[in-house]
Amino acid sequence: MSVEREAVISNESGIHARVAAMIVQRARELSEKYHTKLYLRGTRGERFLMRSIMKLIALKTRRGDVVFVTAEGGDEQRAAEEMAAFLEGDLEMHEPQELHEVDKLLHENALMQERLQMILEAVQDGICVVDKSGLITYVNPSYLRIVHKTMEMVLGQNVFTHAPHGNRVGVLRSGVARIGVISHKKNGTTVVANVNPIFIDGEIAGVVSVIKDITEIQNLMERLTQVSARAEYLEQELLRTKKTASAFGSYIGKSGKVVDVLALASKAAASSATVLIRGESGTGKEVIAEGIHYASSRRRGPFIRVNCGAIPPALLESELFGHEKGAFTGAVKRKLGKFELANHGTIFLDEIAEMDKNMQVKLLRVLQQKEFDRVGGEETVHVDVRIIAATNRDLEQMMKEGEFRDDLYYRLNVIPILLPPLRERVDDIPLLVEHFIGKISGEQKKPVRGITPEAMEVLMHYRWPGNVRELENVIERVITLMDATEITASALPSYLKGEIAAREVEESRLTSGAVLPWPEYEKRIIAYALEKCGSFNAAGRALALTHKTVAAKARKYGLVP
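Residues numbered from 1 in each chain as written. Predicted model: local features only at pLDDT ≥ 70, side-chain atom pairs only at ≥ 80, totals over all residues. Heavy atoms only, no water.

## Here we look at the environment of His-148
For His-148, the location among the structural elements is in the loop between α5 (141-147) and α6 (151-154). Owing to a relative accessible area of 55%, His-148 belongs among the exposed residues under this scheme. His-148 sits 41 residues away from Thr-189 along the chain, and the two C-alpha atoms are 8.7 Å apart. (Helix = DSSP H or I, 4+ residues; strand = E, 2+ residues; numbered from the N terminus. Buried < 20%, exposed > 50% of the residue type's maximum accessible area, 1.4 Å probe, protein only.)

Have a look at this one:
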């Protein structure tokens with residue numbers, strides 16, 4: 001709803017600057033009092049909010065001229081009537097407070113004009129204002145720079161005389177804007193111009209022209225080309241320096257080795273080649289395999305995990321390839337194997353080195369032919385599956401010892417990814433600790449706010465044979481048992497500090513005194529691994545040796561009865 005009232009200006013001088021300031025001040029008061037918006041218009045032109053002194057002056061009203069007040073919202077009736085009555089009054093100031101308020105508004109208006117002037121002079125585009133008679137009334141410094149002229153040469157010129165066929169004259173005559181027009185100046189400068197008409201009360205009062213030197217644009221384009229080339233390089237570098245994809249967000253770390261691993265994994269995801277992930281136990285091989293799948297074109301397909309070391313050899317074939325009803329005792333119905341379930345997706349074969357040679361031959365057929373037979377079946381099943389394998393064993397040594405087939409190794413090792421142990425990326429330990437504290441404290445609903453520097457120092461000096469998995473277990477154990485809100489060094493398991501102290505003593509012994517024969521050092525290493533790991537198999541994994549080699553060395557040095 002809105003209410004409009006007519007008002008006849010009775011002031012002898014009409015609406016000049018001081019009167020306009022009075023009107024703006026009175027409009028503010030009434031708007032606040034009646035919660036309304038007040039607009040004004042002349043007999044021609046559109047209405048405007050009664051907040052602009054310049055727009056009121058631009059009406060050029062004289063004594064006896066008619067204006068219209070419109071009120072919207074709140075108590076429109078009273079607001080419109082009181083504003084119209086005010087306009088029909090003598091518009092003279094009689095109170096000192098009124099003089100102060102009006103002078104304040106005039107000062108604010110002057111400041112606004114000064115700011116506008118500063119903005120116009122600061123912009124890099126050339127600005128030229130022409131009045132309706134064709135006289136140039138204003139140009140900014142950028143305009144003079146672009147046209148290579150001085151203020152005296154431009155200001156006061158008449159465009160009808162100096163450029164009768166130019167864009168400014170065309171817009172003055174037609175009242176239609178010209179946008180993106182290319183003009184060639186006499187001095188050889190080529191500019192792009194936007195020329196817009198200025199309307200007051202529905203009549204054209206001039207034009208404003210904004211120009212940009214095309215030479216500058218060309219320079220910018222050259223710079224853009226350089227930036228684009230650099231951006232292309234940085235895009236490649238981004239694969240190495242950022243989290244390469246959200247699919248790898250679970251692999252925590254920012255060290256150089258982690259960045260390189262994620263970059264390689266991201267590239268592997270873009271292909272369909274077989275991937276072999278190498279690394280010690282607990283380094284996150286499954287996390288990387290899952291990331292490769294979900295960053296690949298197969299992400300809509302299934303991701304099937306199989307731990308080859310956790311399934312007895314007699315059952316592994318049925319687990320991978322499925323079986324027919326009656327294939328063996330207990331096979332009461334057909335069962336689909338993991339490869340069939342992974343069709344059009346990815347199968348992750350963890351601990352691939354634990355697979356016996358008979359199964360290795362059958363796996364090789366799947367890799368080469370993309371087909372297999374179910375146990376007890378005669379039908380050949382064809383699948384489209386990407387294989388990602390993983391191991392913490394030394395496959396090259398196993399090939400030498402005849403435990404792993406050469407042809408399978410080369411089929412698997414198309415894209416090898418080696419995950420660094422935690423001791424080789426110590427800088428990532430604080431990130432991992434922060435991640436696990438947040439995760440585990442949230443699961444257990446315990447308010448753990450962080451870890452002390454002393455405790456962090458212990459964690460960063462421990463060698464972490466169990467890698468990230470061991471670190472997570474340690475944090476979980478500490479948070480479960482602690483009552484404080486911060487992890488301290490005293491809350492950490494004693495073996496962490498004991499191992500560090502023992503290593504320091506051993507290092508001191510190894511680096512002091514005479515150099516010992518190599519067998520002596522080898523004996524100490526084997527003894528230490530057996531003490532820490534408890535078995536030939538575990539010690540072999542920690543030392544990247546086979547359990548047979550560890551057992552032979554132990555017997556050689558008399559470390560076992």
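## Description of the pattern of salt bridges
Pairing is possible between side chains of opposite charge, provided their charged atoms come close. By the definition in use, this model includes 31 salt bridges. For the salt bridge of Arg-365 with Asp-373, the shortest nitrogen-to-oxygen distance reads 3.2 Å. Classification of Arg-365 as partly exposed rests on a relative accessible area of 28%. Exposure remark for Asp-373: the relative accessible area of 27% places this residue in the partly exposed category. The salt bridge partner of Lys-548 is Glu-403, with a shortest N-O separation of 3.8 Å. Of this pair, Lys-548 sits in helix α23 (residues 547-556) while Glu-403 sits in the loop between α15 (395-400) and α16 (406-412); the two residues are 145 residues apart in sequence, bridging distant segments of the chain. Each of Glu-324, Arg-334, Glu-340, Arg-374 and Glu-379 takes part in one network of salt bridges that share partners. (Salt bridge = Lys/Arg side-chain N within 4 Å of Asp/Glu carboxyl O.)

## As for helix α11 (residues 285-294)
Every α-helical turn comprises 3.6 residues, leaving residues that sit three or four positions apart pointing alike. Within α11, the full set of buried residues consists of Lys-285, Ile-288, Ala-289, Gly-291, Ile-292 and His-293. In this fold, the buried residues of α11 make contact with α10 (256-269), β10 (275-278), β11 (303-307), β14 (346-350), β17 (386-391) and β18 (415-418). (Contact = heavy atoms within 4.5 Å.)

## As for the sheet that holds β11
Spatially, β11-β14-β17-β10-β18 is the arrangement adopted by the 5 strands of the open sheet, whose pairing is parallel. At either end of the open sheet lies a strand with only one pairing partner, and these are β11 and β18. Averaged over neighbouring strand pairs, the angle between their axes works out to 20° when direction is ignored. The pairing of β11 with β14 spans 5 bridges and is classified as parallel. By the bridge assignment for β14, Phe-303 is matched with Thr-346. (Pairing = 2+ DSSP bridges. Axes fitted to C-alpha atoms, helices over the stretch in contact; angles between N-to-C directions.)

## So, the sheet that holds strand β9 (residues 203-213)
With antiparallel pairing, the 5 strands of this open sheet are ordered in space as β6-β5-β9-β8-β7. Of all the strands in the sheet, just β6 (136-139) and β7 (178-184) have a single pairing partner and so form its edges. The average undirected angle you get between the axes of adjacent strands in this sheet is 25°. Where strand β5 (residues 126-131) and β9 come together, 6 bridges link them in antiparallel fashion. What sits directly across from Asp-131, in β9, is Gly-206. Where helix α8 (residues 167-174) meets the sheet, its contacts fall on β5, β6, β7, β8 (190-200) and β9, and the angle it forms with β9 comes to roughly 155°.

## Observations concerning the packing of helix α12 (residues 313-321) against helix α14 (residues 357-369)
Where α12 contacts α14, the two axes come as close as 11 Å, and the packing angle between them is 15°. By the angle between their directions, the pair α12 and α14 is classed as roughly parallel. α12 and α14 meet at a crossing whose hand is left-handed. Along the contact surface, α12 presents Leu-316, Glu-317, Leu-320 and Phe-321, while α14 presents Met-359, Lys-362, Leu-363 and Val-366. (Parallel < 35°, antiparallel > 145°, perpendicular 65-115°, else oblique. Left-handed = near helix turned anticlockwise from the far one by under 90°.)

Bear in mind that shape data such as this cannot, by itself, settle questions of function.
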